Amino acid sequence: MFWVLFLLPAMVAAGLSCGLLCLSAVAAARPQPRPDEERDLSRYEAAFLAGGPYRVADLTLVSMHRARRLLLAHTGWATVVGPEGRDDLERSVLTAIGPGGQERIAAIRAGTAAADAVRALADRLAGAGLAVPDAVRSGVSTSVRAVRGAALLTTALACAALFMPGGGDTGRAEIAAWFALPLVLTLGCLAIARVEIHPYTRWASPDGQRLLGGLDPAGDPLTALAVRGLRAVDDPELRSALTSGRLAHGVPES
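In this text, all values refer to a predicted model and were calculated from it rather than measured experimentally.

Trainee: Looking at this structure, I do not really get the pattern of salt bridges. What am I missing?
Mentor: Once the charged atoms of two side chains with opposite charge are near each other, the side chains can pair. A full pass over the atoms with the stated rule returns 7 salt bridges. The partner of aspartate 220 in a salt bridge is arginine 43, and the shortest N-O contact between them spans 3.1 Å. Taken as a pair, aspartate 220 in the loop between α9 (206-213) and α10 (221-228) and arginine 43 in helix α2 (residues 43-51) lie far apart in primary sequence, 177 residues in all. With a shortest N-O distance of 2.8 Å, arginine 109 and aspartate 58 are connected by a salt bridge. Here arginine 109 is found in helix α5 (residues 105-113), whereas its partner aspartate 58 is found in helix α3 (residues 53-66), with 51 residues between them in sequence. Each of the two residues, arginine 109 as well as aspartate 58, counts as buried. One salt-bridge network, held together by shared partners, links Arg69, Arg86 and Glu90.

Trainee: Where do I start with a nonpolar patch on the surface in this structure?
Mentor: Taken together, the side chains of Met11, Trp178 and Leu181 define a hydrophobic patch exposed on the protein surface, amounting to about 290 Å² of accessible area. Examined against the element boundaries, leucine 181 turns out to sit in helix α8 (residues 172-196).

Trainee: I'm lost on the nonpolar core in this one. Help?
Mentor: Side chains that are nonpolar tend, in soluble globular proteins, to be buried together. Counting residues in hydrophobic clusters, the biggest one holds 39 residues, and the most contacted among them are Phe48, Leu49, Val56, Leu61, Leu72 and Leu242. Each residue touching phenylalanine 48, except ones within four places of it in the same chain, is listed here: Pro53, Val56, Val118, Leu121, Ala122, Leu125, Ala131 and Trp203. Val132, Val147, Leu190 and Ala193 belong to the second-largest nonpolar core, a separate cluster that totals 12 residues.

Trainee: Would you mind showing me how to read unusual backbone geometry here?
Mentor: Phi is mostly negative for residues that are not glycine, and the peptide bonds are mostly trans. A positive phi angle, close to 65°, is found at arginine 68, a residue other than glycine. Relative to the assigned elements, arginine 68 resides in the loop between α3 and β1 (70-72).

Trainee: Would you mind going over the packing of helix α1 (residues 3-29) against α8 with me for this structure?
Mentor: Two numbers describe a pair of packed helices, the interaxial angle and the distance between the axes. Where α1 contacts α8, the axes come no closer than 10 Å and their chain directions differ by 15°. In terms of their interaxial angle, α1 and α8 are classed as roughly parallel. Viewed along their axes, α1 and α8 form a crossing whose handedness is left-handed. From α1, Trp3, Phe6, Leu7, Ala10, Met11, Ala14, Gly15, Cys18 and Leu21 reach across to α8, where they touch Ile175, Trp178, Phe179, Pro182, Leu185, Thr186, Cys189 and Ala193.

Trainee: When you look at the environment of alanine 110 in this model, what are you seeing that I'm missing?
Mentor: Position of alanine 110 among the secondary structure elements: in helix α5. According to the relative accessible area criterion, alanine 110 is partly exposed, its value standing at 27%. Sequence-wise, alanine 110 and valine 93 are 17 residues apart; in three dimensions their C-alpha atoms are separated by 9.8 Å.

Trainee: Please clarify how the sheet that holds strand β2 (residues 77-80) should be interpreted in this entry.
Mentor: Strands in a sheet are paired, the pairing made by backbone hydrogen bonds, and the direction either parallel or antiparallel. Taken in spatial order, the 3 strands line up as β1-β2-β3 in an open sheet, and their pairing is antiparallel. Each of the sheet's edge strands pairs with one partner strand only, and the pair in question is β1 and β3 (102-104). Along the sheet, successive strands turn relative to each other by an average axial angle of 20°, direction set aside. Direction of pairing for β1 relative to β2: antiparallel, over a ladder of 3 bridges. Of the residues in β2, the one forming a bridge with leucine 71 is threonine 79. Contacts between α5 and the sheet are confined to β1, β2 and β3, with β3 contributing the most and set at about 85° to the helix.

Trainee: Sorry, what's going on with the packing of aromatic side chains here?
Mentor: The tally for this structure, following the rule as stated, stands at 1 aromatic pair. With a centroid separation of 5.4 Å and 65° between ring planes, the pair formed by phenylalanine 48 and tryptophan 203 is classed as edge-to-face. Residue phenylalanine 48 is found in helix α2, and its partner tryptophan 203 is found in the loop between α8 and α9; the two are separated by 155 residues along the sequence. The class of tryptophan 203 is partly exposed, set by a relative accessible area of 24%.

What counts, and where the lines are drawn
Residues numbered from 1 in each chain as written. Predicted model: local features only at pLDDT ≥ 70, side-chain atom pairs only at ≥ 80, totals over all residues. Heavy atoms only, no water. Salt bridge = Lys/Arg side-chain N within 4 Å of Asp/Glu carboxyl O. Helix = DSSP H or I, 4+ residues; strand = E, 2+ residues; numbered from the N terminus. Buried < 20%, exposed > 50% of the residue type's maximum accessible area, 1.4 Å probe, protein only. Patch = residues over 30% accessible without salt bridge, like charges linked within 9 Å, V, L, I, M, F, W, Y side chains within 5 Å. Areas by Shrake-Rupley, 256 points an atom, 1.4 Å probe, with all protein chains shown as cover. Core = buried A, V, L, I, M, F, W, Y, C linked by side-chain atoms within 4.5 Å. Contact = heavy atoms within 4.5 Å. Axes fitted to C-alpha atoms, helices over the stretch in contact; angles between N-to-C directions. Parallel < 35°, antiparallel > 145°, perpendicular 65-115°, else oblique. Left-handed = near helix turned anticlockwise from the far one by under 90°. Pairing = 2+ DSSP bridges. Phe/Tyr/Trp six-rings, centres within 6.5 Å; stacked < 30°, edge-to-face > 60°.

Everything listed is a geometric property; what it means functionally is a separate question.
Here it is as structure tokens:
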């Protein structure tokens with residue numbers, strides 16, 4: 001009956017993680033504040049709602065490059081041409097580059113995405129009911145990871161119990177049936193979360209998605225970049241500059 005000692009932590013882990021996921025789902029399902037009136041999205045706002053902080057960083061870099069205030073080389077380096085930023089986001093880029101006037105684009109992108117200006121943009125959009133609050137996004141992500149961990153733990157403990165000598169009178173089929181309970185619970189919760197909670201892991205709320213859907217990026221390369229990401233960049237050298245070195249720095253695509 002030593003296998004029961006493996007079953008108990010599996011049951012506890014499955015129950016606690018699935019309970020956490022249910023609480024996160026309830027928090028995500030709470031109605032978000034509705035915008036008081038119709039409004040137009042700026043390019044920066046559209047970039048955040050479509051792709052998050054890194055999309056905002058990409059848009060700022062390309063905007064400065066097109067204005068000849070920043071040179072983005074296909075080798076993955078950025079060089080300052082005009083040291084004056086027109087807004088807080090451009091000043092965040094210059095701060096990320098540093099006093100040397102040159103830095104790897106991947107590092108600039110990461111520094112800009114974590115800057116106060118991007119966080120302030122996110123807070124304004126969340127307050128207007130257009131962006132999903134960060135606490136909701138992080139809560140859902142954390143709880144989903146916890147359920148995945150519980151599923152892996154259950155599998156590992158089940159294998160250990162099945163191949164442990166001295167199982168007594170209990171057959172392997174019965175042991176497997178007991179461990180199937182927490183495994184089915186965790187996998188079922190993950191399947192439901194993928195269908196029901198996935199919309200809340202996007203950056204834009206339903207109202208934000210509706211405004212994004214009303215944007216027409218035709219003829220405006222910067223708006224196209226904000227809405228569609230790097231696949232909207234036609235210049236192969238510029239696209240190479242923006243993607244160079246990202247995997248090495250652990251920076252996600254936008």
